[in-house]
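# Structure at a glance
The primary structure of each chain is shown beneath.
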Amino acid sequence: MTQAEALQEYLLRLADSDMILGQRLCELCGKAPALEEELALMNVALDLVGQARNWYEYAAELIDDGGDADKLAFRRDAHNYRNLLLTEQPNEDYAVTMGRQFFFDAWHYLTLKSLVDSSDERVAGIAAKALKEATYHLRRSSEWIKRLGDGTEESHRRMQDAVDILWRFTGELITPDDTDHIMAEAGIGPEPDQLASNWREMVNEVLTQATLTPGADDAWMYMGGKHGEHTEHLGFILAEMQFLQRAYPDATTW
Amino acid sequence: MYAQLVETGSKRLKTKEEMSPQEREFQEKVDAEIKIEAKNWMPEGYRKTLVRQISQHAHSEVVGMLPEGNWVTRAPTLKRKLQLMAKIQDEAGHGLYLYSAMETLGADRDEEIEKLHQGKAKYSSIFNYPTLNWADMGAVGWLVDGAAIVNQVVLQRTSYGPYSRAMVRICKEESFHQRQGYQILLDLMREGTDEQKAMVQDAINRLWWPSLMMFGPHDDESPNSQQSLAWKIKRKGNDELRQMFIDQTVPQLEFLGCTAPDPDLKWNEETGHYDFGEINWQEFYDVLKGNGPCNRERINTRKKAIDEGRWVREAAVAYAKKQKQRTQAA
Amino acid sequence: MSEWRLYEVFVRSKHGLNHKHVGSVHASDNEMAMENARDLYTRRSEGVSIWVVPSDTITASASDEKEVLFDPSEDKIYRHASFYELPDEVGHM
């Protein structure tokens, strides 16, 4: 894989993860546990879809096949999507929603923090803006993990269940592959070991404060999203998200 | 239906002589366009009417998220998705501004929301209609928000300070909603395929009449209007507002190249207004009574969200308590 | 009864200006009140600083105290610059 190919791949991972998590949050419209949360969730979703658009636009320029950001978002099938498996997991209860958000936010924040110094100026620019948003997302989701983990007996049980359910998808966040290594060597992406240890430290700290137990270090991890091998959920997410573009393929404007 | 059909508890205006000195002083203040503030004395009927109207308005904003939430996961492009998300977020925000204004009157938000879930509180009937195709997102923004804005612009001058200030803020933020909606329709009509254009006309056909119903029954069928107008909680009659809306909307409709499902709609040179057909009031009252296409779904969705969220809200309270104890112990 | 506490929100719209009351939010703790206020009242970059204050900790003047509290200042016009007339020759002061 050339560096140029790796960069395209890497951009799609960033974009797709933002997009799919944003889509999951959109599903919660009108269904949040409090009115204030309604606003907060849509706020995070808006940030994520906005970031996805920025990454897609850059990716589309590099791919240079006449397609644009919308084509990447709405005309690729599941096996071409490169999002982290974590982001496509269903909302379930609010513990799962927030657990998913927190694991992602910690990874997202650390990744963007490193991308701000990327040798690729365009990447650094997009990351700088996104980092501000992600910092806030992380602050919010960390607080919620603590509230739910150290709240009532019921919320503790639910939050611990959520950690247990989601843990197997976290390995993918911090297990580097060729693309990650090429990006790190080129000074474009984060240094994988550093990212992994920072992520573990951050997550352990918050989970401990929340009186929650993280999964085992040697737990089996479900991976593959970064290569297009997804859980069954993604197909349905795309069926809904891409419905209009698929149902009206001749339409050139919306 | 933001300021329409709000029960005031009085079918007839009191004369100045019938008023107590306090009531008279209050009415004089209102007549002089001096804003009433939370701590000022006010007649109990005024307070209750306001709580009803503002909560009804707030419920409408919150329930109003649902027909759009129905399409936010299916928005066709990134741009449209982001716009729709921002708009939905505003609606939640506007609901909160309004509940906040309502709480200055000593009402409790959770209690008022409970009334909504029990079917005891009203909200705008328009949101009991389904959104069936993408163009509905355009038509909702253009017609529904358009009708709401006509209402809300006059409510900026409502006599209760906190409500008036909430309205000012809402009107400022909402100006993009209607444009956003109209632009969706305009783009589809100008550059869309025949199927997309048909979508637009279909959306207008379904949402036209319900939008006109948003202004409420005729003034002479609206026994509470007089008191609300005297208190300046409401500033203009239902029919006048509806006419204003039609007059400004029909040229926009023609510009789109679409038609309204009303054979009687035509310009009247003499009056300088558009004439239009009679609203199906039976349908209006049916929907109001709970027999609209989506009444059940809308309330169930909101009720479910709040019911299923109880453990989350309780956890947050329990955590805050523990934190407080920890700081005190430290 | 509300499950969460009511907080009043004050926003400083730009540097150099006072914080201004904008409304309220519900929250279970101060941190959440701050986040909710930020999400609700500064969506269009309306602020550079936020205060959140539990509503029940605010002491407000009652309307029937208006005469006692505020009327006495009405006849103390010497507190206003316009009370002092200066000859035009002095120029702007």
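Residues numbered from 1 in each chain as written. Chains lettered and ligands numbered in written order. Predicted model: local features only at pLDDT ≥ 70, side-chain atom pairs only at ≥ 80, totals over all residues. Heavy atoms only, no water.

### Side note on the overall build of chain B
Counting its regular elements, chain B contains 13 helices and two strands. What you see for chain B is a C-alpha radius of gyration of 21 Å, in line with the 20 Å of a compact globule of 330 residues. Principal axes of the C-alpha set define a box for chain B whose edges measure 65 × 60 × 35 Å. The burial tally for chain B puts 61% of its 330 residues in the buried class. Within chain B, contacts between residues at least 6 apart in sequence are counted, and of these 79% link residues at least 24 apart. Roughly 13,400 Å² of accessible area belongs to chain B as shown, and the carbon and sulfur atoms make up 51% of that amount. Distance from the positive charge centre (46 side chains) to the negative charge centre (48 side chains) of chain B: 8 Å. (Helix = DSSP H or I, 4+ residues; strand = E, 2+ residues; numbered from the N terminus. Rg over C-alpha atoms; globule rule 2.2 N^0.38 Å. Buried < 20%, exposed > 50% of the residue type's maximum accessible area, 1.4 Å probe, protein only. Contact = heavy atoms within 4.5 Å. Areas by Shrake-Rupley, 256 points an atom, 1.4 Å probe, with all protein chains shown as cover. Lys, Arg positive; Asp, Glu negative; His and termini not counted. Charge placed at Lys NZ, Arg CZ, Asp CG, Glu CD.)

### Describing the overall build of chain A
Of regular secondary structure, chain A possesses 12 helices and zero strands. In chain A, the order of α-helices and β-strands from amino to carboxyl end is α-α-α-α-α-α-α-α-α-α-α-α. Scaling as 2.2 N^0.38, a compact globule of 254 residues should have a C-alpha radius of gyration of about 18 Å, and chain A matches this with 18 Å. Structurally, chain A occupies a C-alpha span of about 55 × 40 × 30 Å along its principal axes. Scored against the burial criterion, the 254 residues of chain A give a buried share of 63%. Counting only contacts in chain A whose residues sit at least 6 apart along the sequence, the fraction spanning at least 24 positions is 81%.

### Side note on the packing of aromatic side chains
Throughout the structure, instances matching the rule amount to 21 aromatic pairs over all chains. For the pair A:Phe243 and B:Trp71, a centre-to-centre distance of 6.5 Å together with 45 degrees between the ring planes defines the contact as tilted. Of the two residues, A:Phe243 sits in helix α12 (residues 243–247) while B:Trp71 sits in helix α3 (residues 65–72), which places them in two different chains. Using a relative accessible area of 32% as the deciding quantity, one classes A:Phe243 as partly exposed. (Phe/Tyr/Trp six-rings, centres within 6.5 Å; stacked < 30°, edge-to-face > 60°.)

### A word on helix α1 (residues 30–41) of chain C
Residue and element names in this part refer to chain C. If you check α1, its first and last C-alpha atoms are 16 Å apart, about what 12 residues at 1.5 Å a residue would give, namely 16 Å. Taken together, the buried positions of α1 are occupied by Met32, Ala33, Glu35, Asn36, Ala37, Asp39, Leu40 and Tyr41. A side-chain oxygen of the first residue of α1 lies 3.2 Å from the backbone nitrogen of glutamate 31; this N-cap is aspartate 29. (Expected span 1.5 Å × (residues − 1). Polar contact = N/O pair within 3.5 Å; in protein donor to acceptor, adjacent residues only side chain to side chain.)

### Remarks on the interface of chain B and chain C
Across the boundary between the two partners, chain B contributes 24 residues, which contact 21 residues of chain C. Summed over both sides, the interface between chain B and chain C buries roughly 1,900 Å², with carbon and sulfur atoms accounting for 44% of that surface. The interface formed by chain B and chain C holds seven salt bridges in total. With a closest N to O distance of 2.8 Å, B:Glu173 and C:Arg43 form a salt bridge. Where chain B packs against chain C, one counts 12 residue pairs in polar contact (both at pLDDT 80 or more). Among the secondary structure elements, those contributing two or more residues to the side of chain B that touches chain C are α4 (78–103), α5 (109–117), α7 (161–191) and α13 (310–329) of chain B. Looking at which element gives the most residues to the side of chain B that touches chain C, the answer is α4(B), with eight residues. Here the side of chain B that touches chain C is built from residues that sort into eight nonpolar, five polar and 11 charged. (Buried area = accessible area lost by both parts, 1.4 Å probe. Salt bridge = Lys/Arg side-chain N within 4 Å of Asp/Glu carboxyl O. Nonpolar A, V, L, I, M, F, W, Y, C, P; charged D, E, K, R; others polar.)

### Observations concerning the interface of chain A and chain B
Contacts between chain A and chain B engage 50 residues on the former and 50 residues on the latter. Summing both sides of the interface, chain A and chain B together bury roughly 4,400 Å²; the carbon and sulfur share of this comes to 71%. On the chain A side of the contact with chain B, A:Leu35, A:Thr253 and A:Trp254 bury the most area, a combined 18% of that side's loss. Counting across the chain A and chain B interface gives four salt bridges. Note that A:Asp150 is salt-bridged to B:Arg326, the shortest N-O span being 2.6 Å. There are 15 residue pairs in polar contact (both at pLDDT 80 or more) connecting chain A and chain B. Counting residues per element, the ones that place at least two in the side of chain A that touches chain B are α1 (3–26), α2 (35–63), α3 (69–74), α5 (94–115), α6 (121–149), α7 (153–166), α11 (233–241) and α12 of chain A.

### Digging into the sheet that holds strand β3 (residues 49–54) of chain C
Adjacent strands of a sheet form backbone hydrogen bonds with each other and so pair up, either parallel or antiparallel. Residues and elements named next belong to chain C. In space, the three strands of this open sheet follow the order β2-β1-β3, with antiparallel pairing throughout. The sheet is open, and its two edges are formed by β2 (19–27) and β3, each paired on a single side. Neighbour-to-neighbour, the strand axes of this sheet turn through a mean angle of 30 degrees, independent of strand direction. Pairing between strand β1 (residues 5–12) and β3: six bridges, direction antiparallel. Note that in β3 the partner of glutamate 8 across the bridge is valine 53. (Pairing = 2+ DSSP bridges. Axes fitted to C-alpha atoms, helices over the stretch in contact; angles between N-to-C directions.)

### Some words on the environment of A:Leu115
Mapping A:Leu115 onto the fold places it in helix α5. The contact partners of A:Leu115, leaving out residues within four places of it in the chain, are A:Tyr10, A:Leu14, A:Trp55, A:Val123, A:Ala124, A:Ala127, A:Ile188, A:Gly189 and A:Pro190.

### Side note on the nonpolar core
In terms of nonpolar packing, the biggest core is built from 196 residues, with A:Trp55, A:Tyr56, A:Phe103, A:Trp199, B:Trp134 and B:Trp208 touching the most fellow members. For this core, the element with the most residues is α2(A), which contributes 15 residues. Once you skip the residues sitting within four places of it in the chain, B:Trp208 turns out to touch B:Leu143, B:Thr249, B:Val250, B:Leu253, B:Ala260, B:Pro261, B:Asp262 and B:Leu265. (Core = buried A, V, L, I, M, F, W, Y, C linked by side-chain atoms within 4.5 Å.)

### Section: the pattern of salt bridges
Across all of its chains, the model carries 45 salt bridges over all chains by this definition. Of the charged contacts in the structure, one is a salt bridge between A:Glu133 and A:Lys129, with a shortest N-O distance of 3.3 Å. Highlighted residues: A:Glu133 and A:Lys129, both in helix α6, separated by four residues, approximately one helical turn. Take A:Lys129: its relative accessible area is 49%, and that puts it in the partly exposed class. For B:Lys303, the salt bridge identified is with B:Asp307, shortest N-O distance 2.9 Å. Placement of the pair is B:Lys303 and B:Asp307 together in helix α12 (residues 295–308), with a separation of four residues, close to one helical turn. Because the salt bridges share partners, they merge into one network encompassing B:Asp90, B:Arg169, B:Glu173, C:Arg43, C:Arg44 and C:Glu46.

By themselves, these are just geometric observations and shouldn't be taken as functional.
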